[in-house]
Amino acid sequence: MARTINYLQAINEALAEEMRRDASVFVIGEDVRVGVFGQTAGLVQEFGEDRILNTPIAENAITGVSMGAAMNGMRPVLEIMFCDFSMLAMDQICNQLGQWRYVSGNQFPVPVTIRTAIGGGFRMAYGHSQCLESQFIQTPGLILVEPATPYDAKGLLKTAIRSDDPVIVFEHKKLIFGAVEGEVPEEEYTIPFGEAAIRKEGKDVTVVAVGFMGYEALGAAQELAGDGIDIEVIDPRTIVPLDEKTIFSSVEKTGRLVVAEEGRVRGGLGAEIAAMASENYFSFLKAPVQRVGAPMVPVPGSPVLEDLYLPDKDAIVQAVKRVVQGD
Amino acid sequence: MAITNEQLTDLYRKMLMVRVMEEMHAKLLQSGQIELMGHFGTGQEAVAIGVTGPLSRDDFLFGTHRGVGEFIGKGMSPLNIWLEYFGKRTSLCKAKSALHLGDRQLNIPPVVSSLGSDFSMAVGTALAAKMRKTDQVTLYYVGEGTCNQADAHPSMNMASLWKLPIVFAVCTNQFCELSYMSEHYPTKDVAPRAAAYNIPSEIVEGQDVEAVYEATKKAVDHARSGKGPYLVEYKTFRMAMHYSGDPGGYVKPDDLEAWAKRDPLEQCVKKLSDRTILSEQDVLKMRDEVQAEVERTVREAMSAPDPIPEDLYEHVYASKEVI
């Protein structure tokens, strides 16, 4: 039986269920007992302060603490409040966490889940608004997850917590603050990594839209339908591992590819998928791949400027029109 | 409780093993038989061996890149160390870690490359020990140079805040890589910093393995009994350069001369002889045995199989399909 819950409730349920299921799971982070955005709110009542552990403000060190706990039999779920602050923990995440299984010759797996809030739209300017997923693409050993719906948020977070690899779950602030709702089963379920979701089928253009950009892409689909253009919208759901098969089966059908992300374009997910397309699937393409993403500037604070900065439905519409030009 | 004759003999034998292994590593480098450079801990063996002496097998040890001391001290086999140093397929870290020694059976996570990244990891293993009620102590063995890393601060802070079973064992060898400690510190000692976190501390003579052992034992017992962290600072002197290719020239000859007279191995031999635990003959015999063991394990490691190309892609993730 499905019921409708919001994105925050989905995350909260996943945490509570996994903590009930496995005594080694615990939540750690800054102000998690209250829950700054609400994902962890109320958990302390059921699980107590030992398992909902507030930390001092020290992102790099609390990431290291989580990693150490994972080396000694625990499964920490660490909250890094804003993804921008994860840059303070880049040593722990990229030099250590991602590479630890390998450098230790499989002796020390580190099952740490990091949850972190990404994205703009709240006029919080440069250091509280970025989408920095691509910063982690270069690090081996990390799983990168970006759920866009309550269903995915719950199912993927449960998989992350049970995973023996370190996982970063990116939660977009528009989904958190917007309390975006969706159907979620009452019953237990998990979602495997590496399986994209086709949000809308279409025959003319494949639009790969990560995270919140999926909603912008669905908006673009409606508008483009008026022009007789039928796009297929694919949400990768996990950036690493990436569901190459679903993406390029779609491209084989449509012959056209647009990649949309809220992060900056240079060296981003779009660049990576475009490179895959030209290396391995060039014969599928009827037009050059187009990227939609943020420009190479910091996120500005002014509403006027931030709206210009953020890639949106219109940017996707324009990119789709570029790839169908000449038809 | 005073240290037993057997314990002191064992500590000496381990110091000797460390000295001989590091001399061997230097020789192998000179003759071009090994590619991995050495960061030797000559002169500070009493600290590395003394601090690890009171640890039980299940306790966690975070060691350093400087030589093999604490690893031998916690019980790692010379063969496993050489296999890692030569990058062999049968090494514990499966040819991946080189000088970053790690041994799951002994709860020694790999040494980190960026100094001090393990400060907070050590707090994490201690946190897990407390949560799981395992009775394990974590010994975080660190140089004074690394104590200036930013993470020293939140790590000691959290260790004390949460009253964790951890000992910060600071080996002050007077050098922070290629600089005298005085170029990095406005103070003579590291230990007073502990007071800021409400962590008890002690400064100990680092050339005397017995003193190191006993001070550490007290700190480990304190941590194990649930009283929270403890910091011990051991004063020693690094007779070796920072690493084997180090340009050198920054150590005052007077210092080298003065500290050469305080060699920890010689001091221990004197003690063993004064207490009639070992005769001069016994010591010579032990040296021969250790030398033979080192030569044998080097030969064995050198003839061990190299990794195969497929190993490059092994153990990045739990499943190979993710890469």
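Computed from a prediction, not measured in an experiment: that's the story for all the values here.

> Sorry, what's going on with the overall build of chain A here?
When you go through chain A residue by residue, the secondary structure sums to twelve helices and 14 strands. A compact globule built from 327 residues should have a C-alpha radius of gyration of about 20 Å, and chain A, at 20 Å, falls within 12% of that. In terms of overall dimensions, chain A has a C-alpha envelope of 60 × 45 × 40 Å along the principal axes. Here chain A, with 327 residues, has 56% of them falling under the buried criterion. Within chain A, contacts between residues separated by at least 24 positions form 79% of all contacts whose residues are at least 6 apart in sequence.

> So what exactly am I meant to see when it comes to the interface of chain B and chain A here?
A common way to report how large an interface is uses the accessible area buried once the components associate. Taken residue by residue, the interface counts 37 residues in chain B and 34 residues in chain A. Breaking the side of chain B that touches chain A down by element, the ones donating at least two residues are helix 5 (118–132) and helix 6 (152–161) of chain B. The biggest single contributor to the side of chain B that touches chain A is helix 5 of chain B, with twelve residues. Here the residues of the side of chain B that touches chain A are counted per class, giving 20 nonpolar, twelve polar and five charged.

> Explanation requested: the domain arrangement of chain A in the structure shown.
Residue and element names in this part refer to chain A. Here chain A is partitioned into domain 1 (2–185) and domain 2 (197–324). The C-alpha-based centres of domain 1 and domain 2 are spaced at 26 Å. On the side of domain 2, 23 residues touch domain 1, which itself brings 26 residues to the contact. Those elements that place two or more of their residues in the side of domain 1 that touches domain 2 are strand 6 (143–145), helix 6 (150–162), strand 7 (167–172) and helix 7 (173–177). No other element matches the three residues that strand 6 contributes to the side of domain 1 that touches domain 2.

> How should I be thinking about the packing of helix 2 (residues 45–52) of chain B against helix 7 (residues 209–224) of chain B in this particular structure?
A packed helix pair is summarised by two numbers, namely the angle formed by the two axes and the spacing between the axes. All names here are of chain B. Their axes nearest at 8 Å, the elements helix 2 and helix 7 cross at an angle of 35 degrees. By crossing handedness, the relation of helix 2 to helix 7 is classed as right-handed. Between helix 2 and helix 7, the residues in contact are Ala46, Val47, Ile49, Gly50 and Val51 and Val209, Val212, Tyr213 and Thr216, respectively. Of the residues contributing to the contact of helix 2 with helix 7, the split by class is seven nonpolar, two polar and no charged.

> How should the packing of helix 8 (residues 213–225) of chain A against helix 12 (residues 313–324) of chain A be read in this particular structure?
Residues and elements named next belong to chain A. Contact geometry for helix 8 and helix 12: axes closest at 8 Å, N-to-C directions at 55 degrees. Taken together, helix 8 and helix 12 sit at an angle that is classed as oblique. Here the hand of the crossing between helix 8 and helix 12 comes out right-handed. On helix 12, the residues touching Glu216, Ala217, Gly219, Ala220, Glu223 and Leu224 of helix 8 are Lys313, Ile316, Val317 and Val320. Tallied by class, the residues present in the contact of helix 8 with helix 12 amount to six nonpolar, one polar and three charged.

> What is the right way to look at the sheet that holds strand 14 (residues 290–294) of chain A in this model?
Sheet strands associate in pairs through backbone hydrogen bonding, adopting either a parallel or an antiparallel arrangement. Residue and element names in this part refer to chain A. Taken in spatial order, the five strands of this open sheet run 9-11-10-13-14, and their pairing is mixed. Each edge of the open sheet carries a strand with a single partner, namely strand 9 (197–200) and strand 14. Each adjacent strand pair in this sheet contributes to an overall mean axis angle of 25 degrees, direction not counted. The sheet contact formed by strand 9 and strand 11 (residues 231–235) spans three bridges and is antiparallel. Across the sheet, the residue bridging to Ile198 is Ile234, located in strand 11. Helix 10 (residues 269–280) rests against strand 10 (205–209), strand 13 (257–264) and strand 14 of the sheet, and its axis sits at about 155 degrees to strand 13.

> Looking at this structure, I do not really get the nonpolar core. What am I missing?
The nonpolar side chains of a soluble globular protein tend to be buried with one another. Core analysis: the biggest nonpolar cluster contains 187 residues, and Val207, Val258, Ile316 and Val320 of chain A together with Tyr140, Ile166 and Val167 of chain B have the highest contact counts within it. A per-element tally of this core places helix 5 of chain B first, with nine residues. Residues from two domains meet in this core; each of domain 1 (2–185) and domain 2 (197–324) of chain A gives at least three. Excluding residues within four positions of it along the chain, Ile166 of chain B makes contact with Ala122, Val123, Ala126, Val137, Thr138, Tyr140, Ala159, Ala223 and Pro229 of chain B.

Conventions we followed
- Residues numbered from 1 in each chain as written.
- Chains lettered and ligands numbered in written order.
- Predicted model: local features only at pLDDT ≥ 70, side-chain atom pairs only at ≥ 80, totals over all residues.
- Helix = DSSP H or I, 4+ residues; strand = E, 2+ residues; numbered from the N terminus.
- Rg over C-alpha atoms; globule rule 2.2 N^0.38 Å.
- Buried ≥ 20, exposed ≤ 12 C-beta atoms within 10 Å, placed from the backbone.
- Contact = placed C-beta atoms within 7 Å.
- Nonpolar A, V, L, I, M, F, W, Y, C, P; charged D, E, K, R; others polar.
- Domains from an automatic or database assignment.
- Axes fitted to C-alpha atoms, helices over the stretch in contact; angles between N-to-C directions.
- Left-handed = near helix turned anticlockwise from the far one by under 90°.
- Parallel < 35°, antiparallel > 145°, perpendicular 65-115°, else oblique.
- Pairing = 2+ DSSP bridges.
- Core = buried A, V, L, I, M, F, W, Y, C linked by C-beta atoms within 7 Å.

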